[in-house]
Number of protein chains: 2
Amino acid sequence: MNKLYVVGLGPGGASCMTQEAMDALREADILCGYTVYIDLVRELFPDKEFLTTPMTKELERCRLALSRAAEGKTTALLSSGDPGVYAMAGPVLSMQKDFPDVEIKILPGVTAALSGAAVLGAPLMHDFCVISLSDLLTPWEVIEKRLRAAALGDFVICIYNPASRKRPDHLKKACRILLETKSKETVCGLVRNIGRDSETYEILTLEELSGRQPDMFTTVFVGSSKTQVIDGRMVTPRGYETKES
Amino acid sequence: MNKLYVVGLGPGGASCMTQEAMDALREADILCGYTVYIDLVRELFPDKEFLTTPMTKELERCRLALSRAAEGKTTALLSSGDPGVYAMAGPVLSMQKDFPDVEIKILPGVTAALSGAAVLGAPLMHDFCVISLSDLLTPWEVIEKRLRAAALGDFVICIYNPASRKRPDHLKKACRILLETKSKETVCGLVRNIGRDSETYEILTLEELSGRQPDMFTTVFVGSSKTQVIDGRMVTPRGYETKES
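Residues numbered from 1 in each chain as written. Chains lettered and ligands numbered in written order. Predicted model: local features only at pLDDT ≥ 70, side-chain atom pairs only at ≥ 80, totals over all residues. Heavy atoms only, no water.

### Here we look at the relation of the copies chain A and chain B
Put simply, the rule is: Only residues with pLDDT of at least 70 in both copies contribute their C-alpha atoms to the least-squares superposition of the copies. A contact between two residues is defined here by any heavy atoms of the two lying within 4.5 Å.
In the superposition of chain A on chain B (RMSD 0.0 Å, axial shift 0.0 Å), the rotation amounts to 180 degrees. What we have between these two chains is a two-fold relation. A symmetric contact is evident, with 100% of the interface residues of chain A recurring at the interface of chain B.

Written as structure tokens, this is what we have:
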């Protein structure tokens, strides 16, 4: 059977990948992905064939990977984080019908919500939402509706794509919406370059966050009403703590 | 420096752990956790010291692990999935003040939302919520409020702890709330025993889901209004697809 693995690399280099993801890369004849992700693993697999496409050519990349798999070459399509979160798993599965002889296997990875949370402390210990502020593929009104609903439900909110070159003020607009219902003092966190040597983080209030202009390598966390700063870490209590006292 | 690693095992055995999680277990003198999780790795590390506690003794387990780390033994506290999602990262960080000489490092893992999604297809390709139906530590009214908010925002919803022995009808109650606003035909998914040999999954409608009584080893996915069944997989379009056509 021809095989296409859709593989999550996690946040950084090889150390954040799962064993099964690493095994899939080893097994594959061809490694396919956005240039920056391929560069993360190129040195580990000098003898593989590499197929790279620019960032905006997502569908082309999926079709290319499926075509090569259909020719009989075991192929791995790489995403950073998890391929099932704002990434390649969906488009690939939508093309399955054109490549009936290819078996598609999705190998999950640690998405930025989880890896960023681990850097900040434990913000996702209770119910949470993940929302992307990119309006490239989603109308801004839908994003606004989801931000309002997330605030209404008092979820912890993890924000992907807080800014882009064309829309530097998305996070400011999002914070303004959240501030309609959430306290200015809500505990928030920013993590940049997760899993890289240049990783940095900051814990701040929602009011402070509304004045920031993070770049596209930043993941943003907005606490629930229960989220606290404990010893310099962002922690949302699960409830065990109150049970004990 | 004394070290405590809070380690996510991912969904199943060693193949789903990250390299850095595996390295932490190798480095540790003591592996501490709920008996069932320790059993997943016991064979790999026959020479370690093991500390196991029953499922309900979460805080005791955290304090035990911190105490042993404070004595100078490098200790790893194991969670299934991700330690930062309804697990041990929060309680441990809340106890940091009592153990100032212990450096706590959270090593994330693939939580059931991600591993379950990979089994079903690609349900989490767009904005999503994670909600636990356990009312052991959370008032049921809060859970209801979040379910309503998640439906209002048309999020994909991933449900943890859909049932317990004492409360077998939680999922039914949750579905009834979601059906106030969501279509009966909403695409849903169930995954049981993720990452084990006995793993099974099912794709069904929200109306069908409301008649099921899954066990505590099941993770439930409720689609957004856009979620589809494509070639037998549960897929939420990201939007690339419409961009192409």
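Here the narrative resumes.
### Description of the sheet that holds strand S3 (residues 49-53) of chain B
Residues and elements named next belong to chain B. Applicable threshold: By this definition, two strands are paired if DSSP reports at least two bridges between them. Strands are runs of DSSP state E lasting at least two residues, helices are runs of H or I lasting at least four, and both sets are numbered from the N terminus onward. Axis lines are fitted to C-alpha atoms, over the contacting stretch for helices. Their N-to-C directions set the angle, which ranges from 0 to 180 degrees.
On the basis of which strands lie adjacent, the open sheet formed by five strands has the order S3-S2-S4-S1-S5 and parallel pairing. Each having just a single partner strand, S3 and strand S5 (102-107) make up the two edges of the open sheet. For this sheet, the mean angle separating the axes of adjacent strands, direction not counted, is 20 degrees. With four bridges joining them, strand S2 (residues 30-34) and strand S4 (residues 75-79) adopt parallel strand pairing.

### Let's talk about the interface of chain A and chain B
The condition that has to hold: Here, a salt bridge means any side-chain nitrogen of Lys or Arg that lies within 4 Å of a carboxyl oxygen of Asp or Glu. Any N or O atom pair separated by 3.5 Å or less is treated as a polar contact, with the protein-specific requirement of one donor-capable and one acceptor-capable atom, and with residues adjacent in sequence counted only for side-chain atom pairs.
Counting residues at the interface gives 65 residues for chain A, matched by 65 residues for chain B. Linking chain A with chain B are two salt bridges. For the salt bridge of A:Asp127 with B:Arg146, the shortest nitrogen-to-oxygen distance reads 3.0 Å. Here chain A is connected to chain B by 28 residue pairs in polar contact (both at pLDDT 80 or more). Pairing of strand S7 (residues 128-132) of chain A with strand S7 (residues 128-132) of chain B involves three bridges; the strand directions are antiparallel. Paired with A:Cys129 across the two strands is B:Cys129, which belongs to S7(B).

### Let's talk about the nonpolar core
Applied cut-off: For this analysis, a nonpolar core means a set of buried residues of the types Ala, Val, Leu, Ile, Met, Phe, Trp, Tyr and Cys, connected via side-chain atoms within 4.5 Å. For every residue, the accessible area obtained with a 1.4 Å probe (protein chains only) is divided by the maximum for its type, and the residue is called buried under 20%, exposed over 50%, and partly exposed between those limits.
The biggest cluster of nonpolar side chains holds 48 residues, and the ones touching the most others in it are A:Leu209 and B:Leu209. Filtering out sequence-adjacent residues up to four positions away, B:Leu209 remains in contact with B:Leu171, B:Cys175, B:Cys188, B:Leu190, B:Leu204, B:Val220 and B:Val222. Among the nonpolar cores identified, the runner-up in size contains 40 residues, and A:Val119, A:Tyr160, B:Val119 and B:Cys158 belong to it.

### Regarding the domain arrangement of chain A
Residues and elements named next belong to chain A. As a reminder, the rule being used: Where each domain begins and ends is defined by an automated method or by a domain database. Accessible-area loss on putting two parts together, using a 1.4 Å probe and summing over both, is the definition of buried area adopted here. Three classes are used, and their members are as follows: Ala, Val, Leu, Ile, Met, Phe, Trp, Tyr, Cys and Pro are nonpolar, Asp, Glu, Lys and Arg are charged, and the others, Gly among them, are polar.
One can read the domain layout of chain A as domain 1 (2-107) and domain 2 (112-235). On a C-alpha basis, the centres of domain 1 and domain 2 stand 28 Å from each other. The interface is formed by six residues belonging to domain 1 together with nine residues belonging to domain 2. In total, domain 1 and domain 2 occlude about 590 Å² of area from one another, counting both sides; carbon and sulfur atoms represent 64% of this. On inspection of domain 1 and its partner domain 2, the count reaches zero salt bridges. At the junction of domain 1 with domain 2, the criterion picks out two residue pairs in polar contact (both at pLDDT 80 or more). Taken together, the residues of the side of domain 1 that touches domain 2 break down into five nonpolar, one polar and no charged.

### With respect to the state of the cysteines
Residue and element names in this part refer to chain A. Definition in use: A pair of sulfur atoms, both from cysteines and within 2.5 Å, is called a disulfide here.
In this structure the tally under the stated criterion is zero disulfides over all chains. Of the cysteine sulfurs around Cys188, a residue in no disulfide, the closest is that of Cys175, at 6.6 Å. Exposure remark for Cys188: the relative accessible area of 0% places this residue in the buried category.

### Remarks on the packing of aromatic side chains
The cut-off we apply is this: Think of it this way: a Phe, Tyr or Trp ring, Trp meaning its six-membered ring, pairs with another when their centres are within 6.5 Å, and the plane angle makes it stacked under 30 degrees, edge-to-face over 60, tilted otherwise.
Applying the stated rule across the entire model yields four aromatic pairs over all chains. Centre to centre, the rings of A:Tyr86 and A:Tyr160 are 5.3 Å apart; their planes meet at 50 degrees, and the pair counts as tilted. Taken together, the positions of A:Tyr86 in the loop between strand S4 (75-79) and helix H4 (89-94) and A:Tyr160 in strand S8 (residues 156-160) put the pair 74 residues apart, joining distant regions of the chain. By relative accessible area, A:Tyr86 is classed as buried at 9%. Taking the centre distance of 5.1 Å and the plane angle of 85 degrees together, the rings of B:Tyr34 and B:Tyr37 count as edge-to-face.

### Some details on the packing of helix H6 (residues 140-152) of chain A against helix H6 (residues 140-152) of chain B
Formally: Throughout, the term roughly parallel applies to angles under 35 degrees, roughly antiparallel to angles over 145, roughly perpendicular to angles from 65 to 115, and oblique to all others.
Two elements in contact, H6(A) and H6(B), have axes separated by 8 Å at closest approach and are oriented at 175 degrees. In terms of orientation, H6(A) and H6(B) fall into the roughly antiparallel class. Of the residues in H6(B), those in contact with A:Lys145, A:Ala149 and A:Leu152 of H6(A) are B:Lys145, B:Ala149 and B:Leu152. Along the lines of polarity and charge, the residues of the contact of H6(A) with H6(B) split into four nonpolar, no polar and two charged.

### Structural notes on the packing of H6(A) against helix H7 (residues 170-179) of chain A
All names here are of chain A. The test is simple: Here is the rule for handedness: rotate from the far helix to the near one, and if that takes an anticlockwise turn smaller than a right angle the crossing is left-handed, while a clockwise turn gives right-handed.
Where H6 contacts H7, the axes come no closer than 9 Å and their chain directions differ by 40 degrees. Considered as vectors, H6 and H7 are oriented oblique to each other. Remark: the crossing between H6 and H7 carries right-handed chirality. Touching Trp140, Glu144, Leu147, Arg148 and Ala151 of H6 are His170, Lys173, Ala174, Ile177 and Leu178, all from H7.

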